[in-house]
Amino acid sequence: MKKVELGKTGIEVSRIGIGTGTGLPSGHCAQALMDKNELAKLLLYSFDCGINLWDTAFQYNTYPHIKEALKQVNRRDVVLATKLTTANEKETIRDFNITLKDLNIDYVDV
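Rules used throughout
All chains use their own residue numbering, which begins from 1 and follows the written sequence. Given that this is a predicted model, residues contribute local features only at a pLDDT of at least 70 and side-chain atom pairs are listed and counted only at 80 or more, while totals for whole chains, interfaces and linings are drawn from all residues. Hydrogens are left out, water is left out, and the side-chain values use all remaining heavy atoms of the structure. Put simply, DSSP H or I for four residues or longer makes a helix, DSSP E for two residues or longer makes a strand, and each gets a number counted from the N terminus. With C-alpha atoms as the basis for the radius of gyration, the globule rule is written as 2.2 Å multiplied by the number of residues raised to the power 0.38. Each aromatic pair joins two rings of Phe, Tyr and Trp (for Trp, the six-membered one) with centres within 6.5 Å, and gets the label stacked for planes under 30 degrees apart, edge-to-face for over 60, and tilted for any other angle. Relative accessible area decides the class of each residue, using a 1.4 Å probe on protein chains only: under 20% of the type maximum gives buried, over 50% gives exposed, and in between gives partly exposed. Under this scheme, a helix contributes an axis fitted over its contacting stretch, all axes are lines through C-alpha atoms, and angles between N-to-C directions fall in the 0 to 180 degree range. For this classification, under 35 degrees means roughly parallel, over 145 means roughly antiparallel, 65 to 115 means roughly perpendicular, and everything else is oblique. Contact between two residues is taken to exist if any of their heavy atoms lie within 4.5 Å; hydrogens are not considered. In this classification, Asp, Glu, Lys and Arg are treated as charged, Ala, Val, Leu, Ile, Met, Phe, Trp, Tyr, Cys and Pro as nonpolar, and every other residue, Gly included, as polar. One less than the residue count of a helix, multiplied by 1.5 Å, gives the span that helix is expected to have. What the arc covers is the set of directions going from the helix axis to the C-beta atoms. The salt bridge criterion pairs a side-chain nitrogen of Lys or Arg with a carboxyl oxygen of Asp or Glu, the two atoms within 4 Å.

Draft legend 1. Geometry of the overall build of the protein chain. Check the secondary structure of the protein chain and you find three helices and five strands. Written out in order from the N terminus, the α and β elements of the protein chain read β-β-β-α-β-α-β-α. For the protein chain, the C-alpha radius of gyration of 14 Å lies close to 13 Å, the compact-globule estimate for 110 residues. Across its three principal directions, the C-alpha atoms of the protein chain cover 35 × 30 × 25 Å.

Below, the structure is given as structure tokens:
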């Protein structure tokens, strides 16, 4: 799959990404309701198809699923984008650190 530069960041991403937070009418995240290994396999399949951009967010509750998939790829080969819904600096730092810990990673790309 052709990759393009993400803005002027120097980060190369696939032209399509895979999200991990489809909202359901119930308010739940569809992917969070999936078995951890099931979503991990889907992420790995997308990776094998050339999709290197994985999108998530703190509130999706899919970090365990993503963590499982990340165990099976070179971290540098995945561009991980995440989002936080915090109201102040203290909450942002707290949730960001939880994100790193829960995903067992040292950094997020976006």
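Still more ground to cover, so stick around.
Draft legend 2. Structural context of the packing of aromatic side chains. The tally for this structure, following the rule as stated, stands at two aromatic pairs. Each ring, one from Phe-47 and one from Trp-54, has its centre 6.5 Å from the other, and the planes form 80 degrees; the classification is edge-to-face. Taking relative accessible area as the criterion, Phe-47 reaches 22% and is therefore assigned partly exposed. By relative accessible area, Trp-54 is classed as buried at 1%. Arranged with centres 6.3 Å apart and planes meeting at 75 degrees, the rings of Phe-58 and Tyr-63 form a pair that is edge-to-face. The class for Tyr-63 is buried, based on a relative accessible area of 4%.

Draft legend 3. Geometry of the packing of helix H2 (residues 63–70) against helix H3 (residues 89–103). Between H2 and H3, the least distance of the axes is 8 Å, while the angle of their chain directions is 45 degrees. As judged from the angle between their axes, H2 and H3 are oblique. Counted together, Tyr-63, Ile-66, Lys-67 and Leu-70 of H2 and Thr-99, Asp-102 and Leu-103 of H3 form the full contact between these two elements. Taken together, the residues of the contact of H2 with H3 sort by class into four nonpolar, one polar and two charged.

Draft legend 4. The arrangement of H3 in detail. In a regular helix each residue adds 1.5 Å, so 15 residues correspond to 21 Å; H3 covers 21 Å between its end C-alpha atoms and thus fits that length. Looking at H3, one finds that the buried residues are Asp-95, Thr-99, Leu-100 and Leu-103. Viewed end-on, H3 has its buried residues packed into an arc of 145 degrees, placing them on one side of the element. Along H3, the residues that are exposed and aim more than 90 degrees away from the buried face are Lys-90 and Lys-101.

Draft legend 5. Structural context of the pattern of salt bridges. All chains considered together, the criterion is met by five salt bridges. With a closest N to O distance of 3.9 Å, Glu-68 and Lys-36 form a salt bridge. A residue pair is termed long-range when its members are at least 10 positions apart, and Glu-68 in helix H2 and Lys-36 in helix H1 (residues 36–48) qualify at 32 residues. Residue classification places Glu-68 among the buried residues on the basis of a relative accessible area of 16%.

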